[in-house]
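What follows is the residue order along each chain.
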Amino acid sequence: MSSDAGERNRPPLAGLRHVALFARRFEDTVTFYVDVMGMQVEWRPDADNAYLTSGVDNLAIHRATVDAAEEGQRLDHIGFVLDRPEDVDRWHEFLLGRGVPILAVPKTHRDGARSLYCSDPEGTTVQMIFHPPLANGPPD
């Protein structure tokens, strides 16, 4: 728990915009995030690392060594924010057409969010989510 004094002294956050994943199927995983999710390779410093972006974030893919894959790092899921609830359904159809495993079909949650879950080639759960406080919404 934090105190009020601690909250006043806490520096502001700009949001969670960077995730790093170990991947045993390194090239397949990079291809998934580029070809299926539409991210771009921002930087490939060497054959074992790729840094991707959708323009507002950074996803690092690191080739997993046997040791890294066995260390037991736990990650529940990563999420991509969508601007409209109907975009979740559009993504669902798109992912199905690409043969991407769907873990949970589109659903509207009690807070007004709408999401689906799929799996990348490494088995990482990926959420496509419209979350009203985070969505940009349609242009004015």
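Scroll up to find the structure.
Everything numeric here is computed off the predicted structure, so don't read it as measured data.

### Structural notes on the overall build of the chain
For the chain, the helix and strand inventory stands at four helices and eight strands. Ordered by position from N to C terminus, the α and β elements of the chain give α-β-α-β-β-β-α-β-α-β-β-β. Counting all 140 residues of the chain, 34% fall into the buried class. For the chain, the share of sequence-separated contacts (at least 6 apart) that also reach a separation of at least 24 residues comes to 50%. Element-wise, carbon and sulfur atoms account for 51% of the exposed surface of the chain, whose accessible area totals about 9,200 Å².

### Thoughts on helix α2 (residues 26-36)
Turning to α2, its buried residues are F26, T29, V30, F32, Y33 and V36. After α2 finishes, the residue G38 shows a positive phi value of roughly 85 degrees.

### Examining the nonpolar core
Residues Y33, M37, I61, L95, V126 and M128 are the most contacted members of the largest nonpolar core, which totals 26 residues. Only β1 (18-23), α2, β3 (49-53), β4 (58-63), β5 (78-82), α4 (85-97), β7 (114-119) and β8 (125-130) provide two or more residues apiece to this core. A per-element tally of this core places α2 first, with five residues. Sequence-distant contacts of V126, defined by excluding residues within four places in its chain, comprise F32, Y33, M37, I78, F80, L116, Y117, C118 and D120.

### Structural notes on the sheet that holds β8
Pairing within the open sheet is mixed, and its four strands lie in the order β5-β8-β7-β6. The strands lining the two open edges of the sheet, one partner per strand, are β5 and β6 (102-108). When the angles between neighbouring strand axes are averaged without regard to direction, this sheet yields 15 degrees. One ladder, built from five bridges, connects β5 with β8; its direction is parallel. Looking at β8, one finds that I78 is bridged to V126.

### Quick look at the pairing of β7
Within β7, five of the six residues are buried, which leaves it mostly tucked inside the rest of the structure. Counting the residues in the hairpin turn of β6 and β7 gives five residues, including G112, whose phi is positive at 90 degrees. Bridge count between β7 and β8: six bridges; the pairing is antiparallel. Paired with Y117 across the strands is Q127, a residue of β8. The turn joining β7 and β8, which pair antiparallel and follow one another in sequence, is formed by five residues; a positive phi near 90 degrees is taken by G123.

About the thresholds
- Counting restarts for each chain: residues are numbered from 1 in the order of the written sequence.
- It should be noted that, the model being predicted, local features are given only for residues of pLDDT at least 70 and side-chain atom pairs only at 80 or more, the latter also being counted only at that level, while totals for whole chains, interfaces and linings use all residues.
- To obtain the side-chain values, all non-hydrogen atoms of the structure were included, while hydrogens and water were left out.
- Where helices and strands are cited, they refer to DSSP runs of H or I of at least four residues and of E of at least two residues respectively, numbered from the N terminus.
- The buried label applies to any residue whose accessible area, calculated with a 1.4 Å probe on protein chains only, is under 20% of its type's maximum; exposed applies above 50%, and partly exposed to all values in between.
- Whether two residues touch is decided by their heavy atoms; if any such pair falls within 4.5 Å, the residues are in contact.
- Note on areas: Shrake-Rupley, 1.4 Å probe, and residue coverage restricted to the protein chains presented here.
- Residue types Ala, Val, Leu, Ile, Met, Phe, Trp, Tyr and Cys, when buried and joined through side-chain atoms within 4.5 Å, form a set referred to as a nonpolar core.
- Any two strands with at least two DSSP bridges between them are considered paired.
- Think of each axis as a best-fit line through the C-alpha atoms, taken over the contacting stretch in the case of a helix, with angles from 0 to 180 degrees between the N-to-C directions.

From the geometry alone we can't say anything about function, so treat these as descriptive.
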